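One letter stands for each residue in the lines below.
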Amino acid sequence: MNDNTPWVLRWTIRLLSVLLLFLFVWLQGFLIGDIDDMEGPDRQAVENKYVGPELLRSERELTQQKKELERAISRQQEIKANRREAMSVAQQTWNQIVQEHRRELDAGRQPTKELSSTLAETQERYLRATATVEEANNEVGELQQRQHALIIEEESLAGSLTDRRDNARRAYTRLWDAHRWRVAAVKLAFVVPIFLLSSWLVWKRSNAIFRPMILALLLSSFYWLGVVMHQHFPAEYFKYIGILAAITIVVAFLLHALRTAAKPQDDILLRRRREAYHSSRCPECAYPIPQEKGGAMSCASCGASLFSECPDCGKIRHHLLPHCRHCGAETERWRTLGRPVPEP
Ligand SMILES: [Zn+2]
Ligand SMILES: [Zn+2]
């Protein structure tokens with residue numbers, strides 16, 4: 001891409017380069033996501049190792065027993081409530097018969113045989129109902145006692161589990177940290193070479209035709225480098241790494257700019273000289289060139305050679321431009337300053 005590239009083409013190249021940048025960012029994101037999925041430590045295995053399968057099994061069994069007991073107690077409470085209701089119905093019936101019996105006696109009548117047997121029957125039913133309620137009560141009491149025993153057993157188990165669990169948690173944290181470092185290392189092993197290679201290519205092959213592609217690769221890998229650092233390094237490290245990387249990049253670009261300014265590249269040098277000759281000024285110091293024709297000439301102000309004899313055709317040519325305007329011969333010396341080298 002140079003100054004003569006049509007603007008449509010120039011913008012198409014820019015647009016495609018930006019698109020390529022996003023595609024590179026996307027692709028590297030997929031790969032980094034896959035690295036993130038690397039299998040970490042197994043929490044269950046660590047717990048088994050530190051707590052022991054025996055204790056874990058007892059804990060599971062205890063929990064199961066407790067759950068079953070709770071269910072049994074609530075079922076028994078229901079039975080008790082039902083029986084108590086039945087008992088109160090039986091009591092009411094019995095009371096009614098007792099009152100009827102008493103009324104008969106108070107009236108001086110002998111209660112009928114039927115009434116007497118009903119009285120005995122209802123009394124019997126009430127007493128039976130009382131017994132079943134008592135039975136249910138005892139059952140609930142027994143279950144609650146077992147529950148209490150289980151709670152005590154659980155507390156003593158929890159005491160010995162807590163220390164082991166703490167150890168397991170610490171061990172798991174250690175393993176997890178190691179795993180995160182490993183993931184970070186694999187990610188960096190993937191991103192850093194891309195970053196270094198593309199920066200080297202951008203640096204060394206500044207005129208290559210594929211430069212926009214390499215630039216897209218460089219920017220995308222730089223982006224992911226930052227993301228990986230931010231994810232895996234604690235903030236206090238990251239801030240130093242980040243600022244050092246930024247300083248390095250700025251210094252590199254500054255050096256490049258300074259070097260370019262000190263030793264202009266051919267096309268910049270050529271443009272500058274063409275413009276200077278065109279406007280009849282010395283390309284080195286901008287002092288006006290006098291309108292004399294035909295002879296060799298140096299700048300009156302800085303001493304740079306402006307016109308000199310062509311080594312090929314012997315006519316007078318522009319000393320600071322690559323070609324002779326008479327014979328077209330090209331020389332290398334135009335790149336050097338027109339100024340004569342001072343004697344040491
Ligand atoms: Zn000059
Ligand atoms: Zn010539």
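Before any of the text, the structure's been laid out above.
The structure contained in this document is the topic of the report that follows. (Residues numbered from 1 in each chain as written. Chains lettered and ligands numbered in written order. Predicted model: local features only at pLDDT ≥ 70, side-chain atom pairs only at ≥ 80, totals over all residues. Heavy atoms only, no water.)

Notes on helix α7 (residues 266-278)
1) Next: Here α7 contains 13 residues, and its C-alpha end-to-end distance of 18 Å stays within 8% of the 18 Å for a straight helix at 1.5 Å per residue.
2) Next: Those residues of α7 that sit buried are L269, R273, A276 and Y277. Angular distribution of buried residues about the axis of α7 spans 95°; they occupy a single face of the element. Away from its buried face, by an angle of more than 90 degrees, α7 presents the exposed residues R274, E275 and H278.
3) Next: Buried residues along α7 sit in contact with β2 (305-309) and β3 (316-318).
4) Next: One or two positions beyond α7, positive phi appears at S280, with a value near 55°. (Helix = DSSP H or I, 4+ residues; strand = E, 2+ residues; numbered from the N terminus. Expected span 1.5 Å × (residues − 1). Buried < 20%, exposed > 50% of the residue type's maximum accessible area, 1.4 Å probe, protein only. Arc of directions from axis to C-beta. Contact = heavy atoms within 4.5 Å.)

Brief notes about the pairing of β2
1) Next: Of the pairings in the sheet, the one linking strand β1 (residues 297-298) to β2 comprises two bridges and is antiparallel in character. What sits directly across from S298, in β2, is S305.
2) Next: As consecutive antiparallel partners, β1 and β2 are separated by six residues, and within that stretch G303 has a phi angle of approximately 85°, a positive value.
3) Next: Sheet topology note: the β2/β3 ladder contains three bridges and is antiparallel. Note that in β3 the partner of F307 across the bridge is H318.
4) Next: Once β2 ends, the chain turns through six residues before running back antiparallel as β3, passing G314 with a positive phi of about 80°. (Pairing = 2+ DSSP bridges.)

Regarding the pattern of salt bridges
1) Next: Under the counting rule described, the total for this entry stands at twelve salt bridges.
2) Next: Measuring nitrogen to oxygen at the nearest pair gives 3.0 Å for the salt bridge that ties D36 to K187. With D36 in helix α1 (residues 7-36) and K187 in helix α4 (residues 113-204), this residue pair connects regions lying 151 residues apart in the sequence.
3) Next: For E78, the salt bridge goes to R75, with nearest N and O atoms at 3.1 Å. Note that E78 and R75 are positioned in helix α3 (residues 53-106) at a spacing of three residues, about one turn of the helix.
4) Next: With relative accessibility at 46%, the residue E78 sits in the partly exposed group.
5) Next: What you see here is one network of salt bridges that share partners, running through D36, R180 and K187. (Salt bridge = Lys/Arg side-chain N within 4 Å of Asp/Glu carboxyl O.)

Overview of the coordination of the zinc ion (ligand 2)
1) Next: Surrounding the zinc ion (ligand 2) are the protein donor atoms C310 (SG), C313 (SG), C324 (SG) and C327 (SG), at 2.2 to 2.4 Å.
2) Next: Around the zinc ion (ligand 2), the four donor atoms sit at angles spanning 103 to 115°, and that spread fits a shape best called tetrahedral.
3) Next: Sequence spacing of the donor residues for the zinc ion (ligand 2), all on one chain, is C-x2-C-x10-C-x2-C. (Donors = N, O, S within 2.8 Å, 3.2 Å for Na, K, Ca; no water. Tetrahedral: all angles 85-135°; square planar, octahedral: opposite > 155°, others 65-115°.)

Section: the coordination of the zinc ion (ligand 1)
1) Next: Distances from the zinc ion (ligand 1) to its protein donors, namely C282 (SG), C285 (SG), C299 (SG) and C302 (SG), fall within the range 2.2 to 2.3 Å.
2) Next: Mapping the donors of the zinc ion (ligand 1) onto the primary sequence gives the spacing C-x2-C-x13-C-x2-C. Here C282, found in the loop between α7 and β1, pairs with C302, found in the loop between β1 and β2; they are 20 residues apart in sequence, far enough to count as distant.
3) Next: Note on C282: relative accessible area 2%, which makes it buried.

Describing the packing of aromatic side chains
1) Next: On inspection of all chains with the given rule, the structure shows six aromatic pairs.
2) Next: Here W94 and Y126 contribute two aromatic rings whose centre-to-centre distance is 5.3 Å and whose plane-to-plane angle is 15°, an arrangement assigned as stacked. In this pair, W94 sits in helix α3 while Y126 sits in helix α4, placing the two residues 32 residues apart along the sequence.
3) Next: Between Y223 and W224, the ring centres sit 5.2 Å apart and the planes meet at 75°, which makes this aromatic pair edge-to-face.
4) Next: By relative accessible area, Y223 is classed as partly exposed at 44%.
5) Next: Over the face of the ring belonging to W11 we find R14, whose NZ or CZ atom lies 4.9 Å from the ring centre.
6) Next: Over the aromatic face of Y172 sits the side chain of R43, whose NZ or CZ is 4.3 Å from the ring centroid. (Phe/Tyr/Trp six-rings, centres within 6.5 Å; stacked < 30°, edge-to-face > 60°. Lys NZ or Arg CZ within 6 Å of the ring centre and 35° of its normal.)

Section: the packing of α3 against α4
1) Next: It is the contact of α3 with α4, at a shortest axis distance of 7 Å, that shows an interaxial angle of 160°. The orientation of α3 relative to α4 falls into the category roughly antiparallel. The way α3 lies across α4 gives a crossing that is left-handed.
2) Next: Here the contact of α3 with α4 is built from residues that sort into 22 nonpolar, 17 polar and 16 charged. (Axes fitted to C-alpha atoms, helices over the stretch in contact; angles between N-to-C directions. Parallel < 35°, antiparallel > 145°, perpendicular 65-115°, else oblique. Left-handed = near helix turned anticlockwise from the far one by under 90°. Nonpolar A, V, L, I, M, F, W, Y, C, P; charged D, E, K, R; others polar.)

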